[in-house]
Amino acid sequence: MSLTGEDIQWSSGDGLSLYARAYGPETAALTVVCLHGLTRNHQDFEPMIAALPARYRFIAVDVRGRGRSAHDPDPGNYTPRVYANDMRLLLDRLGLSRVALIGTSMGGLISLLMMRQMPKRIAGVVLNDVGPVVEKAGIARIAGYAGQVRPVTGWDSAAEAVKTIQGAAFPDMPDARWMDFARRTYRELPDGQVVLDYDPNIARSLGKAKPGLLTNFALWRLFAGLKKAPLLVVRGAMSDILSEKTALEMVRRHPDAKLATVARVGHAPILDEPEAVAALSEFLTRLETKA
């Protein structure tokens, strides 16, 4: 998939070179910052962006250690709090006073922290398959592959590797789309070697964590801070990270929240599925009218 975009570079507070890509008109009434999951990068959102109206401005980020952003020499900095501060500096760099957030998995945790740090700058939040209770089975599964995937021999091998890891979450995905998935997850080096597009050290903090440690992050308290902004929760019906029980409780506790469930998808929806596109289109249109 090839979308027209603009490169954005900025510096973190500790001097790392960070990258994001912008899509859509700078004059858009609504700017949407897109925050990916643990082992992904800005390209994760390109299928969604292609499926949504072109009138919005999307800023899809490579969190430090992923994609075109620099790797951190101190793996201890690979934490949501550090990432959230990087995002604040990005908004400052672009002069954005108010944005919507779409956060997938880890990106949702970053969104919770951003809402706490800068509530007046957040027009609304989409949490994609993540919530205040992160299921232990899902964390164990991610910890089992993050930073530990076997080397691949080329793009066909990369597509097979992605299918092996993610196939249970996307049982209906056509074979051709696994190559697209691989090209959003891997990169090709100048010597032709195909490698995962992230620093393997991002998994260190996750590997050290005991299952359930994220509950110590006071996630329900952080979630309560979202009450000042409209919320859309997207859940994969087969998710092993966000349970139906937690998703329903999120909607019950929030005064202005909706839940969209994507059938026959696990963790995490790509957000180009019909159910996700319909919910996102309605949500962003609503935020746009308030901009």
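Cut-offs and rules
Residues numbered from 1 in each chain as written. Predicted model: local features only at pLDDT ≥ 70, side-chain atom pairs only at ≥ 80, totals over all residues. Heavy atoms only, no water. 1 Å grid on protein atoms, 1.4 Å probe; cavity = no way out; pocket = protein on both sides within 12 Å on 5 of 7 lines; lining within 4 Å. Points joined across faces, edges and corners; volume = space filled by probe spheres on them. Helix = DSSP H or I, 4+ residues; strand = E, 2+ residues; numbered from the N terminus. Nonpolar A, V, L, I, M, F, W, Y, C, P; charged D, E, K, R; others polar. Pairing = 2+ DSSP bridges. Axes fitted to C-alpha atoms, helices over the stretch in contact; angles between N-to-C directions. Left-handed = near helix turned anticlockwise from the far one by under 90°. Contact = heavy atoms within 4.5 Å. Phe/Tyr/Trp six-rings, centres within 6.5 Å; stacked < 30°, edge-to-face > 60°. Buried < 20%, exposed > 50% of the residue type's maximum accessible area, 1.4 Å probe, protein only. Lys NZ or Arg CZ within 6 Å of the ring centre and 35° of its normal. Polar contact = N/O pair within 3.5 Å; in protein donor to acceptor, adjacent residues only side chain to side chain.

Caption draft 1: Summary view of empty space enclosed by the protein. For the structure shown, the criterion picks out two cavities of 30 Å³ or more. As a volume, the largest cavity reaches approximately 220 Å³. Around the largest cavity, the lining comprises 20 residues; the ones closest to its centre are Arg 40, Asp 44, Thr 104, His 267 and Ala 268. Counting residues per element, the ones that place at least two in the lining of the largest cavity are helix 4 (136-145) and helix 6 (175-185). Split by residue class, the lining of the largest cavity holds ten nonpolar, seven polar and three charged. Counting only elements with at least two residues in the lining of the second largest cavity, the list comes to helix 5 (155-166) and helix 6. It is helix 5 that provides the largest number of residues to the lining of the second largest cavity, a total of three residues. When the residues that make up the lining of the second largest cavity are grouped by side-chain class, the tally is eight nonpolar, three polar and one charged.

Caption draft 2: Focus on the pairing of strand 1 (residues 6-11). By the bridge criterion, six bridges tie strand 1 to strand 2 (residues 17-23) in an arrangement that is antiparallel. Its bridge partner lying in strand 2, Asp 7 is registered against Arg 21.

Caption draft 3: Main features of the packing of helix 2 (residues 80-94) against helix 3 (residues 106-117). Two elements in contact, helix 2 and helix 3, have axes whose closest approach is 9 Å; the angle formed by their N-to-C orientations is 65°. Between helix 2 and helix 3 the crossing geometry is right-handed. Judged by residue contacts, Pro 80, Arg 81, Tyr 83, Ala 84, Asn 85, Met 87 and Leu 91 of helix 2 engage Met 106, Ile 110, Leu 113, Met 114 and Gln 117 from helix 3. Of the residues contributing to the contact of helix 2 with helix 3, the split by class is nine nonpolar, two polar and one charged.

Caption draft 4: Here's a closer look at the packing of aromatic side chains. Under the definition given, this model contains five aromatic pairs. With 6.4 Å between their ring centres and 75° between their planes, Phe 170 and Trp 178 make a pair best called edge-to-face. By relative accessible area, which is 5% here, Phe 170 ends up buried. The class of Trp 178 is buried, set by a relative accessible area of 3%. Ring geometry for Trp 220 against Phe 223: centres 5.5 Å apart, planes inclined by 90°, an arrangement best described as edge-to-face. One end of the pair is Trp 220 and the other is Phe 223, both in helix 8 (residues 219-224) and three residues apart, which spans about a single turn. Residue class for Phe 223 comes out buried when judged on its relative accessible area of 2%. These aromatic residues form a ring-pair network of at least three members: Phe 170, Trp 178 and Phe 181. Across the ring face of Trp 155, the terminal group of Arg 183 is positioned such that the distance to the ring centre comes to 4.3 Å. Across the ring face of Phe 181, the terminal group of Arg 184 is positioned such that the distance to the ring centre comes to 5.2 Å.

Caption draft 5: Just the side chain of Thr 246, in detail. For Thr 246, the location among the structural elements is in helix 9 (residues 244-253). Judged by relative accessible area, which is 6%, Thr 246 ranks as buried. One polar contact links Thr 246 to Ser 243, side chain to side chain, over a distance of 3.0 Å. Ignoring any residue separated from it by four or fewer positions in sequence, one finds Thr 246 in contact with Pro 132, Val 133, Glu 135 and Trp 220.

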